[in-house]
Structure formats: structure tokens, C-alpha cells
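Residue-level listing of the chains:
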Amino acid sequence: MSLLSVSNLIGIKDLLVSDIEEILKTATHFKEVLQRPIKKVPSLRDLTIANLFFENSTRTRVSFELAQKRLGADVINFSASTSSVKKGETLVDTVKNILAMKVDMVVMRHSSPGACVFLSRHVGVPVINAGDGAHEHPTQALLDAYSIKEKTGELKGLNVAIVGDILHSRVALSNIFCLKKLGANVRVCGPPTLIPKHISELGVQVSHHLTETLEWCDVANMLRIQLERQDIKYFPSLREYTMLYGLNGEILNRLRKKIIIMHPGPINRGVEITSEVADGPHSIILDQVENGVAVRMAVMYLLAGKRDNQAN
Ligand code: CP
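Residue positions are given per chain, counted from 1 along the sequence in the order it is written. Given that this is a predicted model, residues contribute local features only at a pLDDT of at least 70 and side-chain atom pairs are listed and counted only at 80 or more, while totals for whole chains, interfaces and linings are drawn from all residues. Note: side-chain values were computed over all heavy atoms of the structure, leaving out hydrogens and water.

Attention now moves to unusual backbone geometry. Looking along the chain, the bond that leaves Gly265 and enters Pro266 is cis, with omega of -10 degrees. The phi dihedral of Lys102 falls on the positive side, at around 65 degrees, and the residue is not glycine. Elements are defined by DSSP. Helices are runs of H or I of four residues or more, strands are runs of E of two residues or more, and each kind is numbered from the N terminus. Within the fold, Lys102 resides in the loop between helix H3 (91-99) and strand S3 (105-110).

Time to look at the site of the ligand. The local shell around the ligand consists of Ser57, Thr58, Arg59, Thr60, Arg109, His137, Gln140, Pro264 and Gly265. For the purposes of these results, a polar contact is taken to be a pair of N or O atoms within 3.5 Å, where, inside protein, one atom must be able to donate a hydrogen and its partner to accept one; residues adjacent in sequence count only when each atom of the pair is a side-chain atom. Within the backbone of Thr58, one N or O atom sits 2.8 Å away from an oxygen atom of the ligand. Here Thr60 contributes a side-chain N or O atom positioned 2.6 Å from an oxygen atom of the ligand. Method for areas: the Shrake-Rupley scheme with a 1.4 Å probe, in which residue coverage is limited to the protein chains shown. Look at the ligand: alone it shows 260 Å² of surface, and the protein chains cover 92% of it. Only protein atoms enter the 1 Å grid, on which a cavity is a set of points fitting a 1.4 Å probe that cannot get out and a pocket is an open set with protein on both sides within 12 Å along at least 5 of 7 lines, lining residues being those with an atom within 4 Å of a point. Just a note on the criterion: a molecule sits in a pocket or cavity if more than half of its atoms are within 2 Å of the grid points. Of all the cavities here, the one that holds the ligand is the largest pocket. Under the scheme applied, nonpolar residues are Ala, Val, Leu, Ile, Met, Phe, Trp, Tyr, Cys and Pro; charged residues are Asp, Glu, Lys and Arg; polar residues are all the others, including Gly. Taken together, the residues that form the shell around the ligand break down as one nonpolar, six polar and two charged. Domain limits in this description derive from either an automatic procedure or a database domain assignment. Taken domain by domain, the makeup of the shell around the ligand includes at least three residues from each of domain 1 (12-136 + 292-311) and domain 2 (138-288). It suffices for a single heavy atom of a residue to lie within 4 Å of a molecule or strand for the residue to be listed as near it.

Attention now moves to the packing of helix H2 (residues 59-70) against helix H11 (residues 285-303). How two helices pack is summed up by the angle between their axes together with the distance between the axes. Structural elements are reduced to axes, namely lines fitted to C-alpha atoms, with helices fitted over the stretch in contact, and the angle between N-to-C directions of any two is expressed from 0 to 180 degrees. Close contact between H2 and H11 brings their axes to 8 Å; oriented N to C, the two are set at 55 degrees. Comparing their axes, H11 and H2 come out oblique. Note that H2 runs across H11; the crossing there is right-handed. Of H11, the residues touching H2 (which contributes Arg59, Thr60, Ser63, Phe64, Leu66, Ala67, Gln68 and Arg70) are Val289, Gly292, Val293, Arg296, Met297 and Met300. Among the residues forming the contact of H2 with H11, the class breakdown is seven nonpolar, four polar and three charged. Every angle not falling under 35 degrees, over 145, or within 65 to 115 is termed oblique; those three ranges are roughly parallel, roughly antiparallel and roughly perpendicular. When the near helix sits turned anticlockwise from the far one by under a right angle, the crossing is termed left-handed; a clockwise turn instead gives a right-handed crossing. The contact criterion used throughout is that any non-hydrogen atoms of two residues lie within 4.5 Å.

On to H11. By this rule, a helix spans an expected 1.5 Å times one less than how many residues it contains. For H11, with 19 residues, the first-to-last C-alpha span of 27 Å sits near the 27 Å given by 1.5 Å per residue. Throughout this description, buried means an accessible area under 20% of the type-specific maximum (1.4 Å probe, protein chains only), exposed means over 50%, and partly exposed covers the range between. Of all 19 residues in H11, 15 are buried; the element is thus mostly enclosed. A positive backbone phi angle near 70 degrees is found at Gly305, which sits one or two residues after H11.

This next bit is on H2. For H2, built from twelve residues, the straight-helix expectation of 16 Å at 1.5 Å per residue is met to within 8% by its first-to-last C-alpha distance of 16 Å. Of all the residues in H2, the buried ones are Thr60, Ser63, Phe64, Ala67 and Gln68. Looking straight down H2, one finds that the buried residues subtend no more than 130 degrees of arc, so they occupy a single side. If you follow the buried residues of H2, they end up packed against strand S1 (48-53), strand S2 (74-79), S3, strand S4 (127-132), helix H5 (138-152) and H11. Gly72 sits one or two residues past H2 and shows a positive phi near 80 degrees. It is the directions from the helix axis to the C-beta atoms that the arc portrays.

See the structure below:
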């Protein structure tokens, strides 16, 4: 029985503020566990969790698997490219066959928006969305919020800019829901063609000027240009995009204050961000990756409803 108000994690949109606060608080406990010489607790030792990836991933997939192993769960990894999906098996048949082998929780990434909510209606175990098309990527937003809070102490009243390909980004949408629920001021910035028309209805500011946005914000989350989701040309060339929206050391040095730089990865180095910035002192990109394991441990622990002392 989930310790959150939801029994699946499909999107941040569905979470209460108290759910997010509980996840972040529990993640702090698990981050402490991960600093110990033995980085494991037996909280989920009675569970088997399936990671179903129908789309490529490095960070999310490894992070979930590590989080599951740190919690003592048995783990099975499924990759669509080497499975019977290639022979025409449907999503529901694939998952029902895996569940028949007594799997207790499913983590899924899929290229179709809505795939996780669809699946959750057909299976009787918790489903966690690891990214569904351009819809949501809830654990990314939770780890981003955790990483910002870790650096600043507070999200309420903070100015956070999300820069780049907002139109195709599940990270942007989940971050907007999460940051707004936690009281941050959010601005999206990018070329007009990559900003959804009615996005201001979500309570975010819209800007097409990078330097003015950087002067405004305390935190800038630089998003990848998702060429794989772009069926038409949204800007003349990557070179032009970089000239207008790419972040480099010179732009950062001209700012009158120090800001935090984030990126969900994978990075297109030299396009949305230079190596100098990605690897520089303003960047918390690898902190985001590190925190992802603790945050995902917290999500799975709470969804599994493990109110016991095995987390210690
Ligand atoms: N941030 C993120 O989702 O990265 P991957 O696609 O590598 O999982």
C-alpha cells in the first residue's frame, strides 16, 4: 500500500505537495545510506522490479537499477530492441508475460506519451514512468528539485529558468509542475518555435532572450535540442541556435551574479552548453546524477509502502 497519495508515479501533475516533500525527505535519508561503506539496506528485499525500456537511456536506466539493488530488490532488465516486441508482441502482452513471473513493480520508459498511464490501467502493480515521449519524466524533476534544494536550501521564491527545446521536453513539463508546486518562479526561454503556444497558462513566464533570462534567474536548466523528436525544422541551423541560446563561459562571466547551471543529460556539448560551463564551478550536473539514485530509492520505497525500520 503506497505511502503517497498515488499508487503509480505517472507524472508530477498527479502528486500533492506533501507527496513531493515526503519523497525529498526520504531521499535525504537514502543519500546518507549511500555515503556509508556498505551502501545497502534490505527495504525491498522481498520485491522483484522490472525495468522496461522501450527507448534509449543511460542515466535513468542505470540509476533505477542501482537504486533497486541498493534497496535489496531483485531486478530484471528488459530492452525492447532485443525482445519479442520486434516480432509484433503488444505492450500489454509483453508486460503481462513479465508479471506472470511474479514481478511486483514496473519502471517503464516509452516513446509514446500516455504509455505508462495506459499500462497502469492494465496491470495490478505500481508503475513508475521513466519518461513517456514528450509528456513527463517525473523522477528527473524530483532529482532536479532535490539538487536545487540541496544547493540553495529552499525552492520557494527561487527564480528558475528552463532553457531550450521546451516543446519536445518531458523534463521541462515535469520540472514546471514540480517547481511551481514547491513555490519557485519559473521562466521558459527559447526560440518561439520551440515554446508551446499556451505554456503561460501553467503559470510560467516566457522569454526569447537568453542573457536577460540569465540575469533574472538563480538557476538555469539547459535542455538538449531533441532532434529525434523534431519532424520539421524549428530553427535554421544548430549553429544559429547556439549563437542565440547556447551558454558559454563568456556569457556566464558577464553576469552580475553567480547562478547554478543544470542539465538533465545527455549533453550536446558545444550546442546548448559548452564543456567549459558543463564541467565548470557553476555546474551541478553530476550532483543531479548522484542524487537521482537516492531520489529513485525514495520513490520506490514509498510506492511499495514499506513503513518499517529496514530503511535504516
Ligand atoms: N536524463 C535522462 O533521462 O537521461 P537518459 O535519457 O540517459 O536516461
